[in-house]
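# Understanding the architecture of this molecule
As a plain string of letters, each chain reads:
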Amino acid sequence: MRRRNFIATAAIGSAGLASTSAMASGQGQTKEFKLKNNVNHSVCQWCFDDIPLEDFLKTLNELGIKAIDLIGPKDWPLLKKYDIHCSMCNGAEISLTEGWNNPKYHEQLIKNYTEIIPQVAENGYTNLICFSGNRNGMNDYVGLQNCVDGLSQIIPLAEKHGVVIQMELFNQINHPDYMCDKSLWGVELCKHLGSDNFKLLFDIYHMQIQEGDIIRSIQNYHPYFGHYHTAGVPGRHEIDETQELYYPAIIKAIMSTGFKGYVAQEYITTWEDPIAALKDGFMRCDV
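Right, let's walk through the structure included here. Predicted model, so just to flag it, every value in this text is computed and none were measured.

A cis geometry characterises the amide bond from valine 233 onward to proline 234, with omega recorded as 5°. Considering the arrangement of structural elements, one finds proline 234 in the loop between β7 (225–230) and α10 (247–256). Backbone geometry places asparagine 37, a non-glycine residue, at a positive phi of 65°. By secondary structure assignment, the location of asparagine 37 is in the loop between α1 (17–24) and β1 (40–43). On the accessibility criterion, asparagine 37 (62% relative accessible area) is exposed. Unusually for a residue other than glycine, aspartate 177 sits at a positive phi of about 85°. By the secondary structure assignment, aspartate 177 is in the loop between β5 (164–168) and α7 (183–193).

Right under this line is the structure:
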């Protein structure tokens, strides 16, 4: 799945932040990279897809990062070669806009997920992403029930194989008309499905734009959050002093809930050295 095609608008108006980001973050300064290993770190590969995947995996080995997000079955053998865990699998979805809220996609989605869920488990992975799809004039309550009707047909298989289906939350600026755009809507879907094998992928960047109050949402709804993504607001760039979120406090709030899953960096770097930017993000989240 080429997520860059869906979020290109995230960088609109943010070009001016690049030089500011570099100065504020101390880009180019030498700082020892040493993780405390209290947080299960991961990174979304698409943000660094200018780097060949194998080279990127070698870099993760050097950094001591054990997981990567949003990799499909064809690349799992390469992950195994470098002993990198796929912390969020993809490959069963149709698209972000064509999802479980529309019954006309259920047949194809059920086929896709039925095929890939056993593969996820066989390869030793747990998390598999899914999407609500766009409203296209549909009432949110109707869409929620449609999601329940469709997802309930694959959840027993996910339970059998120990796979957790995770629906990602998006904002309406970057993804106009996407239905799963509020924590409460997603939580209600979780409650209707009533399975520990269905969770929400809580994207901090998206939910800061859409609803704010990030730490309170984590505190109130963390049982329904199975995975976290990071990025800076505004611009979806580095999580440094140029943006409005303070990630050390957010990560501490996540960890205080007893969360044992993964926190994945998912920002588009503006630094000349993208790996230096990635290391900076890991360190800021390494509470």
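Having seen the model, we can carry on.
For β5, the buried fraction is high: 5 of the 5 residues fall into the buried class. Going residue by residue along β5, you find Val164, Gln166 and Glu168 tucked away on one face and Ile165 and Met167 tucked away on the opposite face as well. In terms of strand pairing, strand β4 (residues 127–130) meets β5 through 4 bridges, oriented parallel. Paired with cysteine 130 across the strands is methionine 167, a residue of β5. Across 4 bridges, β5 lies against strand β6 (residues 198–203) in parallel orientation. Within the sheet, the bridge partner assigned to methionine 167 lies in β6 and is leucine 200. Read as a crossover between parallel neighbours, the route from β5 over α7 to β6 is right-handed.

Further remarks concern helix α5 (residues 140–151). Along an α-helix, residues three or four positions apart point the same way, because every turn accommodates 3.6 residues. Across its 12 residues, α5 extends 16 Å between first and last C-alpha, which sits within 8% of the 16 Å expected from 1.5 Å per residue. Turning to α5, its buried residues are Gly143, Leu144, Asn146, Cys147, Val148, Gly150 and Leu151. Contacts from the buried residues of α5 go to α4 (106–122), β4, α6 (155–161), β5, α7 and β6.

So, on to helix α11 (residues 274–285). If you check α11, its first and last C-alpha atoms are 17 Å apart, about what 12 residues at 1.5 Å a residue would give, namely 16 Å. Residues Ile275, Ala277, Leu278, Asp280, Gly281, Phe282, Arg284 and Cys285 constitute the buried set of α11. Buried residues along α11 sit against β1, α2 (53–63), β7, α10 and β8 (262–265).

What counts, and where the lines are drawn
Residues numbered from 1 in each chain as written. Predicted model: local features only at pLDDT ≥ 70, side-chain atom pairs only at ≥ 80, totals over all residues. Heavy atoms only, no water. Helix = DSSP H or I, 4+ residues; strand = E, 2+ residues; numbered from the N terminus. Buried < 20%, exposed > 50% of the residue type's maximum accessible area, 1.4 Å probe, protein only. Pairing = 2+ DSSP bridges. Right-handed = clockwise from strand over helix to strand, strands pointing away. Expected span 1.5 Å × (residues − 1). Contact = heavy atoms within 4.5 Å.

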